[in-house]
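Structural characterization, general
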Amino acid sequence: MKDCTSEQRRPKIRVAIIGAGIGGLSLSAALGALSNEDKLEINIYESASVIAEVGTGISLWPRTWEVVKAINLEKSLLQFVSQPPDKSPHVVFQMRKGDQKEGIFVHNILMEGRVVSFHRADLQQTLLNHVCGSLHLNHRFSSFEELDDEVNIRFDNGTTAKCDILIGMDGIKSTLRKSVLQQNIPSSESVNLVWSGTMVYRGLVGHLIMSPPWIKTR
Ligand SMILES: Cc1cc2nc3c(=O)[nH]c(=O)nc-3n(C[C@H](O)[C@H](O)[C@H](O)COP(=O)(O)OP(=O)(O)OC[C@H]3O[C@@H](n4cnc5c(N)ncnc54)[C@H](O)[C@@H]3O)c2cc1C
């Protein structure tokens, strides 16, 4: 973890990030890579007691890969990639009619640059290695109070913190988003999450039964 808060590099702007998921960790790494570190004191507050490496795969699309490069993560992530992204067209989706055992090919969707897939744990660990600032586990955000020149943050464990910029990266059920809305637009329908009615079905296919062109391509 990089130290961006040392005495020699006196912090000026206090940034508090709530949530150390993929989003919070990426933001911290990006702030570290893109900003003048002397001017930032970054604190990340995570409710969990440990950053658990859970999940299966996660795919980064070409546009996201450009961001990866811009925030200096490319070298660390390439070790997990069998075929690095390039500028040539690749099949990123194959549309098939799948209501029978063999299925029927319908259409290939091509895109310049490869979709790069990772085990989620590898991506998360890489982001953790690039975290800029201090990570505080066991800190579940509960509320905030905006004062004239700073923000007071309260956590469920009874502690408090102060910052100049408060950023909610606490996931789809964000407590921070709810707090902001309750304080500023209490009548908003978005104060409480509403299911959109859209569902996604996902399935896993053993790689041994896949035909050779698809193995190790995505
Ligand atoms: C099955 C599945 C497959 C997916 N595949 C892909 C993919 O291939 N590519 C892709 O780009 N995206 C994919 N996604 C979406 C992606 O996983 C999410 O968009 C991403 O994880 C969101 O990251 P996040 O950091 O915003 O939230 P989260 O990952 O939910 O992280 C939020 C963090 O905040 C913490 N937190 C919550 N509340 C508080 C609180 N009050 N105080 C402090 N901390 C708190 C949580 O413990 C957690 O660590 C997939 C999602 C699913 C479900």
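Residues numbered from 1 in each chain as written. Predicted model: local features only at pLDDT ≥ 70, side-chain atom pairs only at ≥ 80, totals over all residues.

1. Some remarks on the pairing of strand β2 (residues 40–45)
The buried count for β2 comes to five of six residues, which makes it a mostly enclosed element. As judged from the three bridges shared by β2 and strand β7 (residues 134–136), these two strands associate in the parallel manner. Paired with N43 across the bridge in β7 is S134. (Buried ≥ 20, exposed ≤ 12 C-beta atoms within 10 Å, placed from the backbone. Helix = DSSP H or I, 4+ residues; strand = E, 2+ residues; numbered from the N terminus. Pairing = 2+ DSSP bridges.)

2. A short note on the sheet that holds strand β9 (residues 151–155)
One open sheet holds the three strands; their spatial order is β8-β9-β10, and the pairing between them is antiparallel. Looking at which strands have only one partner, the edges of the open sheet turn out to be β8 (141–146) and β10 (160–163). Mean inter-strand twist for the sheet, computed between neighbouring axes without regard to direction, equals 25°. As paired strands, β8 and β9 are joined by five bridges and run antiparallel to one another. (Axes fitted to C-alpha atoms, helices over the stretch in contact; angles between N-to-C directions.)

3. Observations concerning the packing of helix α1 (residues 22–34) against helix α4 (residues 120–129)
α4 packs onto α1 with a crossing angle of 35° between their chain directions and a minimal axis gap of 9 Å. Here the hand of the crossing between α1 and α4 comes out left-handed. Residue-level contacts link I22, L25, S26 and A29 of α1 to Q124, L127 and L128 of α4. Tallied by class, residues from the contact of α1 with α4 come to five nonpolar, two polar and no charged. (Left-handed = near helix turned anticlockwise from the far one by under 90°. Contact = placed C-beta atoms within 7 Å. Nonpolar A, V, L, I, M, F, W, Y, C, P; charged D, E, K, R; others polar.)

4. Some remarks on the site of the ligand
Near the ligand lie 20 residues; those nearest to it are G19, G21, G23, F141 and G171. Among the secondary structure elements, those contributing two or more residues to the shell around the ligand are α1 and β3 (57–60). In terms of residues, the shell around the ligand owes the most to one element, α1, which gives three residues. Taken together, the residues that form the shell around the ligand break down as eight nonpolar, eight polar and four charged. (Near = placed C-beta within 6 Å.)

5. Structural notes on the nonpolar core
Within the largest apolar cluster, 29 residues are counted, with the highest numbers of intra-cluster contacts made by V15, A16, I17, I18 and I42. Those elements that place two or more of their residues in this core are β1 (13–18), α1, β2, α2 (62–70), α4 and β8. Residue contacts for A16: discarding those within four places in its chain leaves N43, Y45, I153, A161, C163, L166 and I167. (Core = buried A, V, L, I, M, F, W, Y, C linked by C-beta atoms within 7 Å.)

6. Quick word on unusual backbone geometry
Unlike most non-glycine residues, N72 shows phi in positive territory, near 65°. By the secondary structure assignment, N72 is in the loop between α2 and α3 (74–78). Judged by the 14 C-beta atoms lying within 10 Å of it, N72 is partly exposed.

7. Describing the environment of D38
Here D38 is to be found in the loop between α1 and β2. For D38, a count of 12 C-beta atoms within 10 Å translates into the label exposed. A C-alpha to C-alpha distance of 7.3 Å links D38 and K12, two positions 26 residues apart in sequence.

8. With respect to the pairing of strand β5 (residues 104–112)
In terms of burial, β5 is largely open, as just zero of its nine residues are buried. Hairpin connection between strand β4 (residues 89–97) and β5: a loop of six residues separates the two successive antiparallel strands, and G103 in this loop has a positive phi of roughly 75°.

9. A few points about the environment of H207
Turning to its location among the elements, H207 is positioned in the segment after α5 (175–184). Look at H207 and you get exposed, because 9 C-beta atoms sit within 10 Å. In this structure, the C-alpha to C-alpha distance between H207 and G168, residues 39 residues apart in sequence, is 38 Å.

10. Examining the UniProt feature "transmembrane region" (unreviewed entry) in the chain
According to UniProt, the feature "transmembrane region" (unreviewed entry) maps to residues 12–34 in the numbering used here. The span residues 12–34 is 57% helical and 26% strand by assignment, and the distance between its end C-alpha atoms comes to 16 Å. (UniProt positions renumbered as here; feature names shortened; annotations may be inferred.)

11. Regarding the domain arrangement of the chain
The figure often quoted for interface size is the accessible area lost as the parts come together. For the chain, the domain assignment lists domain 1 (13–81 + 120–191) and domain 2 (89–116 + 197–214). Taken together, the contacts link six residues of domain 1 with five residues of domain 2. Of all the elements in the fold, those that place two or more residues in the side of domain 1 that touches domain 2 are β3 and α2. Looking at the side of domain 1 that touches domain 2 residue by residue, the class counts come to five nonpolar, one polar and no charged. (Domains from an automatic or database assignment.)

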